[in-house]
Amino acid sequence: MTAAQVAAETGITIDQARRLWRALGFPEMGNEHAFSGVDADAVGALMSIVDSGAVDFDMAVNMTRGVGQTMSRLADWEVAALAGRVEELEAGEHSTGSRVGSALRLIEELRGPFEAMLVYAWRRHLAASVARMEAMGAAHEDLHTVDVTVGFADLVSFTALSNEMDREQIGDLVEKFEGRCHDVVSVHGGRIIKSLGDSVLFVIADPASAVAVAEGIITVIGRDARMPDVRVGLASGAVIPRLGDVFGPPVNMAARLTAVARRNRLIIDQTTADLLPAEDFETRRLPARPLRGFGLVEPVAVRRR
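Rules behind the numbers
Residues numbered from 1 in each chain as written. Predicted model: local features only at pLDDT ≥ 70, side-chain atom pairs only at ≥ 80, totals over all residues. Heavy atoms only, no water. Axes fitted to C-alpha atoms, helices over the stretch in contact; angles between N-to-C directions. Helix = DSSP H or I, 4+ residues; strand = E, 2+ residues; numbered from the N terminus. Parallel < 35°, antiparallel > 145°, perpendicular 65-115°, else oblique. Left-handed = near helix turned anticlockwise from the far one by under 90°. Contact = heavy atoms within 4.5 Å. Nonpolar A, V, L, I, M, F, W, Y, C, P; charged D, E, K, R; others polar. Phe/Tyr/Trp six-rings, centres within 6.5 Å; stacked < 30°, edge-to-face > 60°. Buried < 20%, exposed > 50% of the residue type's maximum accessible area, 1.4 Å probe, protein only. Polar contact = N/O pair within 3.5 Å; in protein donor to acceptor, adjacent residues only side chain to side chain. 1 Å grid on protein atoms, 1.4 Å probe; cavity = no way out; pocket = protein on both sides within 12 Å on 5 of 7 lines; lining within 4 Å. Points joined across faces, edges and corners; volume = space filled by probe spheres on them. Arc of directions from axis to C-beta. Pairing = 2+ DSSP bridges. Salt bridge = Lys/Arg side-chain N within 4 Å of Asp/Glu carboxyl O.

S.K.: Hey, could you go over the packing of helix α3 (residues 37-52) against helix α4 (residues 57-91) for me, with residue numbers and the actual values?
M.R.: Orientation of α3 relative to α4, taken along the N-to-C sense of each, is 140°, at an axis distance of 9 Å. As far as their axial angle goes, α4 and α3 are oblique. Considering how the two elements wind past one another, α3 and α4 form a crossing that is right-handed. Every residue of α4 that contacts α3 at Leu-46, Met-47 and Val-50 is listed here: Phe-57, Ala-60 and Thr-64. Each residue belonging to the contact of α3 with α4 can be placed in one class, and the counts come to 5 nonpolar, 1 polar and no charged.

Here it is as structure tokens:
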């Protein structure tokens, strides 16, 4: 089917069909016969939500974009993770004689259980997200804003180090860094918002727990002789959750603080320091230094009593 045929079958305009296709992250196909009944069924299912009045078309496109971006990254992640297993299959006695053949066979074996896991994980995270919004609504009239502590952890001298590594070593390093950070953040009830290879951004509701996360990351990364050093910055305040990301001054402040932190050290902003229980933590202002976008700022060092 062409895009025009999909549009005609589902009762939408060709422009709407193309908007949905772009939102999923795919290039426009023009008049090519690039679609099938499966594509038409997906569009029809989405438009049934719009027709019900639950959401309008623009909101449906926004939600579709979130699915597209998430699934694209997940697919790339899975393919990279499975590449080694494909090579093992090709080297074994059950080789298909083709990497593509081995990859397709492996995907077919994983498809059913993994699709079930996708739905399960989505439902669990949806419930958790609704719970966070309910808690946020108890403290704010504006459900688009939430008070959190934002953390930014950054590997020291990653660019120079990666220039000395081969591709497999870089991949292993990034995987260990992200995996260990994810585990530490999750244990303390926080969420990884995004990772950039040599850095991670996380949010957590409780400032004291944020310090525990920072300490944990420094322990599992910076104290491991096989890993680079790490720097962590924390800042607290109101952020706007949008498109799976968070925006606002605390996000920028956490990143700026990380850039001036010492190796395997945590520094925080004054807002976070004021929120920490004085009986558990000791804070000390550091000399003022210029932070891009904030002017002169006095970072704060923190340690447990």
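Having seen it, we continue.
S.K.: Break down the packing of aromatic side chains for me, with residues and values.
M.R.: If you walk through the whole model with that rule in mind, you get 2 aromatic pairs. Note on Trp-21 and Phe-35: the rings are 4.7 Å apart at their centroids and 80° apart in plane angle, and the pair reads as edge-to-face. Pair noted here: Trp-21 is in helix α2 (residues 14-23) and Phe-35 is in the loop between α2 and α3, with a separation of 14 residues, a long-range link. Relative accessible area serves as the criterion here: at 18%, Trp-21 is assigned to the buried category. Among the aromatic side chains, those forming a connected cluster through ring pairs are Trp-21, Phe-26 and Phe-35.

S.K.: Describe in detail unusual backbone geometry, supporting the description with residues and values.
M.R.: Its identity is not glycine, yet Ser-157 carries a phi of approximately 55°, on the positive side. Along the polypeptide, Ser-157 turns up in the loop between β1 (146-155) and α6 (158-162). One non-glycine residue, Asn-264, lies in positive phi territory at about 55°. Tracing the backbone shows Asn-264 in the loop between α9 (249-260) and β6 (266-268).

S.K.: An account of the environment of Ser-186 is needed here, citing residue identities and associated values.
M.R.: Take Ser-186: it is sitting in helix α7 (residues 167-187). Taking the C-alpha atoms as reference points, Ser-186 and Val-213, 27 residues apart in sequence, are found 9.0 Å from one another. A distance of 2.8 Å separates a polar side-chain atom of Ser-186 from the backbone oxygen of His-182.

S.K.: I'd like a rundown of the layout of surface pockets, residues and numbers included.
M.R.: If you add up the space inside the second largest pocket, you get close to 350 Å³. Contributing elements (two or more residues each) for the lining of the second largest pocket: α8 (207-222), β6 and β10 (300-304). For the lining of the second largest pocket, a count of residues per class yields 9 nonpolar, 1 polar and 7 charged.

S.K.: Describe α2, naming the residues involved and giving the relevant values.
M.R.: Residues Ala-17, Leu-20, Trp-21 and Ala-23 constitute the buried set of α2. An end-on view of α2 places all buried positions within 160° of arc, on one side of the element. Looking at the buried positions of α2, the neighbouring elements they touch are α1 (3-10), α3 and α4.

S.K.: Requested: an account of the pairing of β1, with residues and values cited.
M.R.: Side-chain positions along a regular strand alternate between the two faces of the sheet. Taken across its 10 residues, β1 has 9 buried, putting it largely inside the fold. Pairing between β1 and strand β4 (residues 230-242): 10 bridges, direction antiparallel. When the bridges of β4 are listed, Gly-151 appears paired with Leu-234. Note: β1 against strand β3 (residues 199-204), 6 bridges, orientation antiparallel. Residue Ala-153 lies in a different strand from β3, and its bridge partner there is Val-200.

S.K.: Before we move on, can you summarise the pattern of salt bridges with the specific residues and values?
M.R.: If you walk through the whole model with that rule in mind, you get 14 salt bridges. Of the charged contacts, one joins Arg-22 and Glu-28 as a salt bridge, the two residues approaching to 2.4 Å between their closest N and O atoms. Judged by its relative accessible area of 42%, Arg-22 falls in the partly exposed class. For Arg-304, the salt bridge identified is with Glu-215, shortest N-O distance 3.0 Å. Taken as a pair, Arg-304 in strand β10 and Glu-215 in helix α8 lie far apart in primary sequence, 89 residues in all. When salt bridges that share partners are traced, they join Glu-108, Arg-111 and Glu-115 into one network.

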